[in-house]
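Each chain, written out:
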Protein chains: 2
Amino acid sequence: MMSTRKTEISSRQRDILKFIQCYLDEHGYPPAIRDISAGCGISSTSVAVFHLKKLEEKGYIRRRPDISRGIELASASDREEASVPLIGIIAAGMPVPVPSADTWSEADSADLIKVPRVLLAGAENVYALKVKGDSMQDALISDGDIVIMESAVVVENGETAAVWLKNEKEITLKKVFREGGHIRLQPANKHYPAIIVSAGNVEVQGKVVAVLRNLL
Amino acid sequence: MMSTRKTEISSRQRDILKFIQCYLDEHGYPPAIRDISAGCGISSTSVAVFHLKKLEEKGYIRRRPDISRGIELASASDREEASVPLIGIIAAGMPVPVPSADTWSEADSADLIKVPRVLLAGAENVYALKVKGDSMQDALISDGDIVIMESAVVVENGETAAVWLKNEKEITLKKVFREGGHIRLQPANKHYPAIIVSAGNVEVQGKVVAVLRNLL
DNA sequence: TAGACTACAGAACAGTTGTTCGATTGTAAA
DNA sequence: TTTACAATCGAACAACTGTTCTGTAGTCTA
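What comes next is a walk through the structure.

Rules and cut-offs
Residues numbered from 1 in each chain as written. Chains lettered and ligands numbered in written order. Predicted model: local features only at pLDDT ≥ 70, side-chain atom pairs only at ≥ 80, totals over all residues. Heavy atoms only, no water. Near = heavy atom within 4 Å. Polar contact = N/O pair within 3.5 Å; in protein donor to acceptor, adjacent residues only side chain to side chain. Helix = DSSP H or I, 4+ residues; strand = E, 2+ residues; numbered from the N terminus. Nonpolar A, V, L, I, M, F, W, Y, C, P; charged D, E, K, R; others polar. Buried < 20%, exposed > 50% of the residue type's maximum accessible area, 1.4 Å probe, protein only. Pairing = 2+ DSSP bridges. Contact = heavy atoms within 4.5 Å. Buried area = accessible area lost by both parts, 1.4 Å probe. Salt bridge = Lys/Arg side-chain N within 4 Å of Asp/Glu carboxyl O. Least-squares fit on C-alpha atoms with pLDDT ≥ 70 in both. Axes fitted to C-alpha atoms, helices over the stretch in contact; angles between N-to-C directions. Parallel < 35°, antiparallel > 145°, perpendicular 65-115°, else oblique. Phe/Tyr/Trp six-rings, centres within 6.5 Å; stacked < 30°, edge-to-face > 60°. Lys NZ or Arg CZ within 6 Å of the ring centre and 35° of its normal.

The next point concerns the protein's contact with DNA strand C. In the neighbourhood of DNA strand C, 28 residues make up the surrounding shell, with Ser44, Ser46 and His51 of chain A together with Ile33 and Arg69 of chain B lying closest. Protein-adjacent atoms of DNA strand C, using a 4 Å cutoff, are sugar or phosphate at a proportion of 62%. The side chain of Arg12 of chain A places a nitrogen or oxygen atom 2.9 Å from a phosphate oxygen of DNA strand C. Breaking the surface near DNA strand C down by element, the ones donating at least two residues are α1 (11-27) and α3 (45-57) of chain A together with α2 (33-39) and α3 (45-57) of chain B. Residue contributions to the surface near DNA strand C peak at 6 residues, all from α3 of chain A. Grouping the amino acids of the surface near DNA strand C by side-chain chemistry returns 10 nonpolar, 11 polar and 7 charged.

Spelled out as structure tokens, the structure:
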């Protein structure tokens, strides 16, 4: 019963795990077994293999047999971020840019921004817009914010969307509720009033997935 | 003069570059030359080597000679995100958790969140807090938002900080301005009034670096 | 004490992988 | 046409690297 529990690892194993993370950070590719041995002061590759097996059993890493440097961290840091194209700006009196089919295939790395994948919650066909002006403070959105959008022309009740009001010729970010022929647009800031508009006056431009704000 | 300019790459080279990115995304380690050949429909490793040299000359990748899978992307996607410890919640009537010295050394991967490094703008000693309640809507911050903070006890004029008001026993996020003995706390939402407090009543808990909001 | 387990070392083997050389083809410039 | 160069193929070599085997040593438990 004194045996190590599944999630517990020895100090040597923690060393190795940390070394792998650092090496990956520094080089962009994983270390070879001999790199690990040397880096952790182990004088035999078999010892590294031994601990690597433990780490794999305990779920900290994954390995591909017979593949050089085929070590993956279970906390797969790479998979936890996505590249999203920044395709334009969003402001009150302006329709939002609409992503074209090849927005995502043409990797114009200049306009790609990194977003933690957890923020995306599995959404696909996402793109980013930079907010211009203070017209969306009722949506708790500030000038300079980055809004992550998902392509959509319909939204579920209660979801936040970028809505184009045809009559007013205005873009607004609000929670959308269908209510008997009319549509209620509810600001995120509860101190602001909801507005009721006719279904024909609204055009959903996309769902709001996330908001990034940089204060520095 | 018709020769390819430095930044231009052939379609084959773009293919290879894209393949490397995808492979890295999928596996967590770079492809071997033979993986590239197979993945791009090239039947000789020397052709891949040939194009890899071009890509390196043009600055798109870096290579380590004689190292298996020793390919680094110049756009170092890995270096573009940071892990930030999520150490607690922030709410109106509660002092914010203060990070201890070993908050950053003890990698409790459970409470680490990934943040694009561009959002950090070089800030160090950053930590994350989850916002509880709607008390900070004047700061354009919503219930459920993640606030990225930087340890600091002093702030420059105009910077946004988490401020503890001793008399009111309340946390608030505001822009801080020193104005002749007093301090003006300015909400991000311009429709809300600034408040003036005595210097002795404020205690800066940290700078606000960024805000993440997930609507889905 | 014997048995089981963890941790380590050294070495040999085999598979993976980077490198290099020679040869071929197509296009564009001299 | 000749020359130059980009792009390709095939094959062989050498280095890198993962795997495995044989030992040794220390600790804990029955």
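Along strand β11 (residues 202-214) of chain A, 11 of the 13 residues are buried, which leaves the element largely enclosed by surrounding structure. As judged from the 5 bridges shared by strand β7 (residues 160-165) of chain A and β11 of chain A, these two strands associate in the antiparallel manner. Bridging from a neighbouring strand, Trp164 of chain A pairs with Glu203 of chain A of β11 of chain A. As defined by bridge partners, β11 of chain A adjoins strand β11 (residues 202-214) of chain B across 5 bridges and the pair is classed as antiparallel. Considered in β11 of chain B, the bridge of Arg213 of chain A is made with Val211 of chain B.

Tallying the contact residues gives 51 residues for chain B and 53 residues for chain A. Regarding the contact of chain B and chain A, the summed buried area is about 4400 Å², with carbon and sulfur atoms giving 49% of it. Taken as a group, Tyr29, Arg213 and Leu216 of chain B account for 15% of the area that chain B buries against chain A, more than any other trio of residues on that side. In this structure, the connection of chain B to chain A is made through 0 salt bridges. Our count for the contact surface shared by chain B and chain A stands at 11 residue pairs in polar contact (both at pLDDT 80 or more).

Attention now moves to the pattern of salt bridges. Note that side chains of opposite charge can pair when their charged atoms are close. Residues and elements named next belong to chain A. With the rule as written, the count across this model stands at 14 salt bridges over all chains. The residue Asp35 makes a salt bridge to Arg69 at a minimum N-O spacing of 3.1 Å. Of this pair, Asp35 sits in helix α2 (residues 33-39) while Arg69 sits in the loop between β1 (61-63) and β2 (71-73), and the two are 34 residues apart along the sequence. The class of Arg69 is buried, set by a relative accessible area of 9%. In this structure, Glu179 engages Arg184 in a salt bridge whose closest nitrogen and oxygen atoms are separated by 2.9 Å.

Moving on, we come to the relation of the copies chain B and chain A. The relation between the two copies of this chain is a rotation about an axis and a shift parallel to it. If you rotate chain B by 180 degrees and push it 0.2 Å along the axis, it lands on chain A with an RMSD of 0.7 Å. Within this description, the copies of the chain are treated as partners about a two-fold rotation axis. Proximity to the rotation axis, assessed at the C-alpha, singles out Leu140 of chain B in chain B; its C-alpha lies 2.1 Å from the axis.

Residue and element names in this part refer to chain B. Positive phi values are uncommon outside glycine, yet Asp66 reaches one of about 65 degrees. On the secondary structure map, Asp66 appears in the loop between β1 (61-63) and β2 (71-73). Residue classification places Asp66 among the exposed positions, given a relative accessible area of 85%. Phi at Arg69 takes a positive value of approximately 55 degrees, unusual for a residue other than glycine.

So, about the packing of α1 of chain A against α3 of chain A. Residue and element names in this part refer to chain A. Running from N to C, α1 and α3 point in directions that differ by 85 degrees, and their axes come no closer than 10 Å. One finds that α1 runs roughly perpendicular with respect to α3. Residues Arg12, Gln13, Ile16, Leu17 and Ile20 of α1 touch α3, and the partners they reach there are His51, Leu52, Lys54 and Leu55. Split by residue class, the contact of α1 with α3 holds 5 nonpolar, 2 polar and 2 charged.

The subject of this paragraph is the packing of aromatic side chains. Applying the stated criterion across every chain, the model contains 4 aromatic pairs over all chains. Ring geometry for Phe19 of chain B and Tyr23 of chain B: centres 5.8 Å apart, planes at 50 degrees, overall tilted. With Phe19 of chain B and Tyr23 of chain B both in helix α1 (residues 11-27) and 4 residues apart, this pair spans about one turn of that helix. Both rings, one in Tyr23 of chain B and one in Tyr29 of chain B, keep their centres 6.1 Å apart while their planes meet at 65 degrees; by these two values the pair is edge-to-face. Across the pair, exposure class does not vary: Tyr23 of chain B and Tyr29 of chain B are buried alike. Among the aromatic side chains, those forming a connected cluster through ring pairs are Phe19, Tyr23 and Tyr29 of chain A. Note that Arg184 of chain A overlies the ring of Phe177 of chain A, its terminal NZ or CZ placed 4.4 Å from the centroid.

These figures capture arrangement, not role.
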